[in-house]
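# Inside the fold
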Amino acid sequence: MGGVDWSLLIACIGGASLAGIVTYHAVAGYFYFRYYVRQRSTAQSWKLQPDRFLSPALHRLAVWTSTRNMMLSGLLSGALIYANLSGSLDTPIYTDVTSWGGWAYTVGSTVVWFLLAEYTAYLVHRLLHTRFMFRHVHRFHHRFVATNPYVTMAMHPAELLMLQAATLAPLLVIPFHALSVIGVLLYIVVYNVAGHSGIRLASVLPWQPPAQFHDDHHAHVHVNFGQHLLIWDRLHGTLRRHGRHYGPEVFGGRGQRDLGDAVAGRELEPFVRY
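None of these values were measured; they are calculated from a predicted model. (Residues numbered from 1 in each chain as written. Predicted model: local features only at pLDDT ≥ 70, side-chain atom pairs only at ≥ 80, totals over all residues. Heavy atoms only, no water.)

### Thoughts on the pattern of salt bridges
Taken as a whole, this structure holds five salt bridges when the rule is applied. Between arginine 131 and glutamate 249 there is a salt bridge; the shortest N-O distance is 3.9 Å. You can see arginine 131 sitting in helix 5 (residues 131–142) and its partner glutamate 249 sitting in the segment after helix 9 (231–236), a full 118 residues away along the chain. (Salt bridge = Lys/Arg side-chain N within 4 Å of Asp/Glu carboxyl O. Helix = DSSP H or I, 4+ residues; strand = E, 2+ residues; numbered from the N terminus.)

Right, dumping it as structure tokens:
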């Protein structure tokens, strides 16, 4: 095995970091300028929490930590790209569609990776909402109660590493096309920004919930743990329900019922429809 090709390593890390930062700031900047700058005076018509805005200090913190975390994400992604290109890590990522069952496999495996990425992110997010992890790691992200597009990546580095590891782990064992990898990662970034935007946004994609779904997560804290799908929260009973009380000290994801309603045999309140 040869030594490290430093020029290739720097190019991979630098390219991945630059691509991530440019993409993130382009999407976040678009939403922020269009709404928070140009339409701030009409917030009642477009903002999910119209009476709440981040303080200038919190906004600067969000911009800085998001930029730093995109650089860290680029470091990890770039190292994986380098390992794949240099042969130092034998990943099953491929570039020739015909090498793995043609387009049927490529499209199907892309859907599989999206679902795996979503479910592992859901599980990691629930772990971050356990009492210890929330108080020592995830609370940093939840200081931003009223979200804006720059809040998306404003998190503790340990949280970023956990989410990144969960998302990238399948790439080490299951064959995925390189463009599928890029496409899913781009989708995750763009729609996470939209979900954190604090703006009344809806998607034309039937599986993608509106921004209200994740805004409720920040407003009510321990509920709605999914990213781009409602199914995991529905299956695990952590989708927000009507008539339940939520808050920073109501752990578990299922909210709290009024004492008078907590009687045996009583039907559960319906899920909120997004």
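### Describing the packing of aromatic side chains
Taken as a whole and judged by the stated rule, the model has 18 aromatic pairs. Judged by centre distance (5.8 Å) and plane angle (40°), the rings of tryptophan 113 and phenylalanine 176 are tilted. Separated by 63 residues along the polypeptide, tryptophan 113 in helix 4 (residues 102–128) and phenylalanine 176 in the loop between helix 6 (157–168) and helix 7 (178–195) bring together distant segments of the chain. Phenylalanine 176 sits in the buried class, given a relative accessible area of 0%. Aromatic pair tyrosine 119 and tryptophan 232: ring centres 4.6 Å apart, planes at 50°, arrangement tilted. With tyrosine 119 in helix 4 and tryptophan 232 in helix 9, this pair connects stretches of sequence that are 113 residues apart. The exposure class of tryptophan 232 is buried, given its relative accessible area of 14%. Through a chain of ring-to-ring contacts, the aromatic side chains of Tyr24, Tyr32, Tyr35, Tyr36, Trp46, Phe53 and Tyr150 assemble into a single cluster. Cation over ring: lysine 47 sits above phenylalanine 53, and NZ or CZ is 4.8 Å from the ring centre. Taking the ring centre of phenylalanine 271 as reference, the NZ or CZ of arginine 241 above it sits at 4.0 Å. (Phe/Tyr/Trp six-rings, centres within 6.5 Å; stacked < 30°, edge-to-face > 60°. Buried < 20%, exposed > 50% of the residue type's maximum accessible area, 1.4 Å probe, protein only. Lys NZ or Arg CZ within 6 Å of the ring centre and 35° of its normal.)

### Examining helix 3 (residues 56–86)
The first and last C-alpha atoms of helix 3 sit 44 Å apart over 31 residues, in line with the 45 Å expected at 1.5 Å per residue. Positive phi appears at glycine 87, one or two residues downstream of helix 3, with a value of about 85°. (Expected span 1.5 Å × (residues − 1).)

### With respect to unusual backbone geometry
Backbone geometry at valine 221 places phi at a positive 80°, although glycine is not the residue there. Structurally, valine 221 can be placed in the loop between helix 8 (211–220) and helix 9. Under the relative-accessibility criterion, valine 221 is labelled buried at 8%.

### Concerning the nonpolar core
One broad trend across soluble globular proteins is that nonpolar side chains are buried collectively. Counting 26 residues, the largest nonpolar core has Phe31, Tyr35, Phe144, Ile199 and Leu201 as the members making the most contacts within it. For this core, the element with the most residues is helix 1 (residues 6–37), which contributes seven residues. Beyond its immediate sequence surroundings of up to four residues, isoleucine 199 is in contact with Phe31, Tyr35, Tyr36, Trp46, Leu48 and Ala211. By size, the runner-up hydrophobic cluster in this structure holds 15 residues, among which are Leu80, Trp113, Tyr122 and Phe225. (Core = buried A, V, L, I, M, F, W, Y, C linked by side-chain atoms within 4.5 Å. Contact = heavy atoms within 4.5 Å.)

### Brief notes about the side chain of asparagine 192
Topologically, asparagine 192 is positioned in helix 7. Discounting residues that sit within four places of it in the chain, asparagine 192 has contacts with Thr152, Gln227 and His228.

### So, the packing of helix 1 against helix 7
Two numbers describe how helix 1 lies on helix 7: the axes approach to 10 Å, and their chain directions differ by 25°. Classed by the angle they form, the pair helix 1 and helix 7 counts as roughly parallel. Judged by the twist between their axes, the crossing of helix 1 over helix 7 is right-handed. For the pair helix 1 and helix 7, contact is made by Thr23, Tyr24, Val27, Ala28 and Phe31 and by Leu186, Val189, Val190, Val193 and Ala194, respectively. Taken together, the residues of the contact of helix 1 with helix 7 break down into nine nonpolar, one polar and no charged. (Axes fitted to C-alpha atoms, helices over the stretch in contact; angles between N-to-C directions. Parallel < 35°, antiparallel > 145°, perpendicular 65-115°, else oblique. Left-handed = near helix turned anticlockwise from the far one by under 90°. Nonpolar A, V, L, I, M, F, W, Y, C, P; charged D, E, K, R; others polar.)

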